[in-house]
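Notes for the structure review
Given next are the chains, with one letter for each unit.
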Amino acid sequence: VQLVESGGGLVQPGGSPRLSCAASGFTFSTYAMSWYRQAPGKERELVASISSAGGSTAYADSVKGRFTISRDNAKNTVYLQMNSLKPEDTAVYYCSVRFQNKYYWGQGTQVTVSS
């Protein structure tokens, strides 16, 4: 299993970056996917999840209405569209999959929200 995130960087407050996570090593279209984040000094938290076919999504209260998770099963890629970013969204963002009862993570992509 390999997960590779991209799309992070320095973003101004109110910005709208899109994160991508390219997956390989498993049948992507049959697994739910999630995005997590970890801010400095804080525990990793679940941000958003999407079902295998993309028909069901769930979000943390802190990002509901601002972030959108989506997936393209033809490209083995899951996305996180982030809108109206706030400084408190600064974190390393990870995509994750639970495969054969084990959680796999990418290397993460840093998102820093600052003017």
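As a reminder, the structure under discussion sits directly above these lines.
Residues numbered from 1 in each chain as written. Predicted model: local features only at pLDDT ≥ 70, side-chain atom pairs only at ≥ 80, totals over all residues. Heavy atoms only, no water.

Most of strand β4 (residues 33-38) is tucked away, with five of its six residues classed as buried. Pairing of β4 with strand β5 (residues 45-50), which is carried by five bridges, proceeds in the antiparallel orientation. By the bridge assignment, Met33 is partnered in β5 with Ile50. (Buried < 20%, exposed > 50% of the residue type's maximum accessible area, 1.4 Å probe, protein only. Helix = DSSP H or I, 4+ residues; strand = E, 2+ residues; numbered from the N terminus. Pairing = 2+ DSSP bridges.)

As a further point, take the sheet that holds strand β8 (residues 77-82). The strands that make up a sheet pair up through hydrogen bonds in the backbone, lying either parallel or antiparallel. Across the sheet, four strands lie side by side as β1-β3-β8-β7; this open sheet has antiparallel pairing. Of all strands in the sheet, those bounded by a partner on one side alone are β1 (2-6) and β7 (67-72). Direction aside, neighbouring strands of the sheet carry axes that sit 15° apart on average. Two elements, β1 and strand β3 (residues 18-24), share five bridges in a ladder whose sense is antiparallel. When the bridges of β3 are listed, Gln2 appears paired with Ser24. (Axes fitted to C-alpha atoms, helices over the stretch in contact; angles between N-to-C directions.)

Next up on the list: the pattern of salt bridges. Considering all chains together, one arrives at four salt bridges under this definition. Two residues, Asp89 and Arg37, come together in a salt bridge whose shortest N-O distance is 2.9 Å. Placement of the pair is Asp89 in the loop between β8 and β9 (91-99) and Arg37 in strand β4, with a sequence separation of 52 residues. Classification of Asp89 by relative accessible area gives buried; the value is 0%. Exposure remark for Arg37: the relative accessible area of 5% places this residue in the buried category. Of the charged contacts in the structure, one is a salt bridge between Asp61 and Lys64, with a shortest N-O distance of 3.2 Å. (Salt bridge = Lys/Arg side-chain N within 4 Å of Asp/Glu carboxyl O.)

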